[in-house]
Amino acid sequence: MKRSLLLLTIVALSLHLWAQKEKPADLLLSGPMVGYTEMREAMLWVQTNGPAQVYFEYKEKDSEAKPFRTERYTTTSENVYTAHLVANSVQPGKTYVYTLFINGKAVERPYPTTFKTPPLWQFRTDPPTMRVALGSCTFINDETYDRPGKGYGDGYQIFESIRQQTPDLMLWLGDNIYLREADFYSKTGILHRYTHTRKTPEMQALLASTANYAIWDDHDYGPNNSDYTFRERDFTLEAFKYFWGNPGYGVQGQKGTTTTFEWGDAQFFMLDNRYFRDPNNKKTEARSILGKEQLEWFTDALISSNATWKFVAIGGQVLNSYPGYENYAAISPEERLHIINTIFNEGIRNVIFLTGDRHHSEVSKMERNGITIYDITTSPLTSGSHDAEKEPNSYRVQGSQIGIRNFSMMEITGERLSRKLGLKFYDSDGKELYTYDIEAQYRPRR
């Protein structure tokens, strides 16, 4: 009896000492990350390195009040130990500080963990100033699975440079990971690639302090230039959902990543250019990138939008006239023309495509009947870059082409009927490369 009590005491003491030694930060693999933010709720995300109970506490910045708490959730291997938790006790136009708890212990981060809710401005004030960061093509080296030779990814400090610009939103414009050949056809490979990219140390502070929204392109969907025939498309869609915190996935009962949201006087249309896409090599019929149902929803949603700014996020360039690579003009010229004609014929003002994919950046501009459409291409963040100055894009704004790693920032300011968009591109270290200003267009008064 005494021996049994002694053994139990030793076991209990050992467990106590192990629990004391365990640090909650040791269980954190990546994050925390802020996903979507709405006026009355925000999505908070985290990934642990094994099963753990997680929750967040949050309160308004500089408040002495007792913090609110999300629901508790136990991470499991089924969803790669990720958790999406909703902070639903928030108010519009406020900044909140939050703390992650793992197994009941606070996890302190060496950088701010904050989120901002969109302001309620309608019928009250002019639209708010908003700052939006843009970028695409994030390649994080992984020597075991990369091609031999020098790593394709570099300049990871770019994520800290973005954070220092204090954006309200970060839009990840596709190729946010690069699935490798060893990844394509297994859940193990796909989840490894997402996990490997997301835990990049330089990325963590940005993820933790701004609202993050994402679309995908071929490299986070499947193989290079992949289309709807890719065998694992349903699982890469599930993986996308595990690792992002968008407000929705798919519209009108469809699958895919399509969604829309509003912030200030802007509406963002997040399009899916892979899940419904016809093969690029198809020659006997007109090819579609968006698919019939998504295309119809998108053009009708543009027509019905009351937002001043209509930002359309899609992986490949739309306005570029050069029929090469995966530009819309090369893959589906008929669908491209249908979209452009709809915008002009319906008199839809302030449509700006936000695109990536191309490993260079530029601004394209198309005008007709007093209406202007823009295409802001921002690429790459950390992937290899190239100079496309000699590419014959007849709609390129002269001097806007950038052939090095970069990101861009849009700042929207001004009174309700005199809104302006200031666009700036920066290199990996935060050095300014190019600026361009756009004034909002308004319907003539009758």
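Quick caveat, the model's predicted, so the values are computed rather than measured. Throughout, a residue's number is its position along its own chain's written sequence, starting from 1. Local features in this predicted model are restricted to residues whose pLDDT is 70 or higher, and side-chain atom pairs enter the listing and the counts only when it is 80 or higher, whereas totals over whole chains, interfaces and linings include all residues. Each side-chain value is derived from all of the structure's non-hydrogen atoms; neither hydrogens nor water enter the calculation.

## A word on the sheet that holds strand E17 (residues 362–368)
Two modes of strand pairing occur in sheets, parallel and antiparallel, and in both the strands are linked by backbone hydrogen bonds. Here is the rule: Strands are treated as partners if at least two bridges between them are detected by DSSP. The secondary structure listing takes helices from DSSP runs of H or I that are at least 4 residues long and strands from runs of E that are at least 2 residues long, numbered from the N terminus. To get an axis, a line is fitted to the C-alpha atoms, and for a helix only the part in contact is used. The angle between two axes follows their N-to-C directions and goes from 0 to 180 degrees. Any two residues whose heavy atoms approach within 4.5 Å are treated as being in contact.
As summarised here, the arrangement of the six strands in space is E13-E14-E15-E16-E18-E17, forming an open sheet in which the pairing is mixed. Pairing within the sheet leaves two strands with one partner each, and these edge strands are strand E13 (259–263) and E17. Strand-to-strand twist in this sheet, taken as the mean axis angle between neighbours without regard to direction, amounts to 20 degrees. Bridge count between strand E15 (residues 309–314) and strand E16 (residues 351–355): five bridges; the pairing is parallel. Paired with Ile-314 across the strands is Thr-355, a residue of E16. The strands touched by helix H7 (residues 292–304) within the sheet are E13, strand E14 (266–270), E15 and E16, with E14 carrying the most contacts at an inclination of about 175 degrees. Of the strands in this sheet, E16, E17 and strand E18 (371–377) are in contact with helix H9 (residues 333–345), which crosses E17 at around 60 degrees.

## What about the nonpolar core?
Under the convention used in this document: Each nonpolar core is a collection of buried residues, namely Ala, Val, Leu, Ile, Met, Phe, Trp, Tyr and Cys, held together in the definition by side-chain atoms within 4.5 Å. Categorising residues by exposure relies on relative accessible area from a 1.4 Å probe, with only protein chains included: less than 20% of the type maximum marks a residue as buried, more than 50% marks it as exposed, and the intermediate range marks it as partly exposed.
Residues Phe-115, Leu-169, Leu-171, Phe-268 and Phe-311 are the most contacted members of the largest nonpolar core, which totals 58 residues. Those residues in contact with Phe-115, other than ones at most four positions away along the chain, are Val-34, Thr-37, Ala-42, Leu-44, Tyr-58, Ala-87, Val-90, Lys-94, Thr-95, Tyr-96 and Tyr-98. Core analysis: the second largest hydrophobic core is formed by 35 residues, Ile-158, Ile-162, Tyr-275 and Phe-276 among them.

## With respect to the packing of helix H3 (residues 187–198) against helix H6 (residues 233–243)
To characterise two packed helices, one gives the angle between the axes of the helices and the distance between these axes. Applied cut-off: Angles below 35 degrees are treated as roughly parallel, those above 145 as roughly antiparallel, those between 65 and 115 as roughly perpendicular, and all remaining angles as oblique. Throughout, a crossing is termed right-handed when the near helix is turned clockwise from the far one, and left-handed when it is turned anticlockwise from it by less than a right angle. The classification used treats Ala, Val, Leu, Ile, Met, Phe, Trp, Tyr, Cys and Pro as nonpolar, Asp, Glu, Lys and Arg as charged, and all other residues, Gly among them, as polar.
Relative to each other, H3 and H6 sit at 30 degrees, their axes nearing to 10 Å. By the angle between their axes, H3 is roughly parallel relative to H6. Considering how the two elements wind past one another, H3 and H6 form a crossing that is right-handed. Contacts between H3 and H6 pair Lys-187, Ile-190, Leu-191, Tyr-194, Thr-195 and Arg-198 from the former with Phe-235, Thr-236, Ala-239, Phe-240, Tyr-242 and Phe-243 from the latter. Class assignment for the residues of the contact of H3 with H6 results in eight nonpolar, two polar and two charged.

## Here's the deal with the packing of H7 against H9
It is the contact of H7 with H9, at a shortest axis distance of 10 Å, that shows an interaxial angle of 15 degrees. If you check the angle between H7 and H9, you find them roughly parallel. Where H7 crosses over H9, the two elements pack in a sense that is right-handed. Along its contact with H7, which presents Leu-295, Phe-298, Thr-299, Leu-302 and Ile-303, the element H9 presents Glu-335, His-338, Ile-339, Thr-342 and Ile-343.

## Here we look at the side chain of Asp-220
Cut-off, in case you're wondering: The definition of a polar contact used here is a pair of N or O atoms within 3.5 Å, where within protein one atom must be able to donate a hydrogen and the other to accept one, and adjacent residues in sequence count solely through side-chain atom pairs.
The topology assignment puts Asp-220 in helix H5 (residues 218–221). Among the polar contacts made by the side chain of Asp-220, one reaches the main-chain amide nitrogen of Asp-217 at a distance of 2.7 Å.

## Topic: the pattern of salt bridges
Any two side chains of opposite charge can pair if their charged atoms end up close together. Rules: One speaks of a salt bridge when a side-chain nitrogen belonging to Lys or Arg is within 4 Å of a carboxyl oxygen belonging to Asp or Glu.
For the structure shown, the criterion picks out 19 salt bridges. Close ionic contact of Arg-419 with Asp-265 constitutes a salt bridge, the shortest N to O distance being 2.9 Å. Note that Arg-419 is positioned in the loop between strand E19 (406–413) and strand E20 (420–427) and Asp-265 in the loop between E13 and E14, a separation of 154 residues in sequence. Comparing Arg-419 with Asp-265, the two get one shared label, buried. Members of the salt-bridge network, linked through shared partners, are Asp-217, Arg-274, Arg-277 and Glu-326.

## Considering the packing of aromatic side chains
What counts here: The aromatic pairing rule takes the rings of Phe, Tyr and Trp, using the six-membered ring of Trp, and pairs them if the centres are within 6.5 Å, calling planes under 30 degrees apart stacked, those over 60 edge-to-face and the rest tilted. Any Lys NZ or Arg CZ that is within 6 Å of a ring centre and within 35 degrees of that ring's normal is treated as a charge sitting over the ring.
All chains considered together, the criterion is met by 31 aromatic pairs. With a centroid separation of 6.1 Å and 85 degrees between ring planes, the pair formed by Phe-240 and Tyr-249 is classed as edge-to-face. The interplanar angle of 10 degrees and the centroid separation of 4.7 Å between the aromatic rings of Phe-261 and Phe-268 together place this pair among those described as stacked. Judged by its relative accessible area of 0%, Phe-268 is buried. Three or more aromatic residues joined by ring pairs make a cluster, and in this case those are Phe-159, Trp-172, Phe-184, Tyr-185, Trp-216, Tyr-221, Phe-230, Phe-240, Trp-244 and Tyr-249. Sitting over the ring of Tyr-55, Arg-72 keeps its end group 4.8 Å from the ring centre. When the ring centre of Trp-45 is taken as origin, the NZ or CZ atom of Arg-198, which lies over that ring, is 4.8 Å away.

## Brief notes about the pairing of E20
Two strands pair when backbone bridges link them, and E19 and E20 are joined in this way by eight bridges, in the antiparallel orientation. Following the sheet pairing, Ile-412 is matched in E20 by Leu-421. In textbook terms, the turn of a hairpin is the stretch between consecutive antiparallel strands, and for E19 and E20 this stretch comprises six residues, one of which, Gly-414, has a positive phi near 110 degrees. The pairing of E20 with strand E21 (residues 432–439) spans seven bridges and is antiparallel. The residue of E21 that forms the bridge with Leu-421 is Ile-438.

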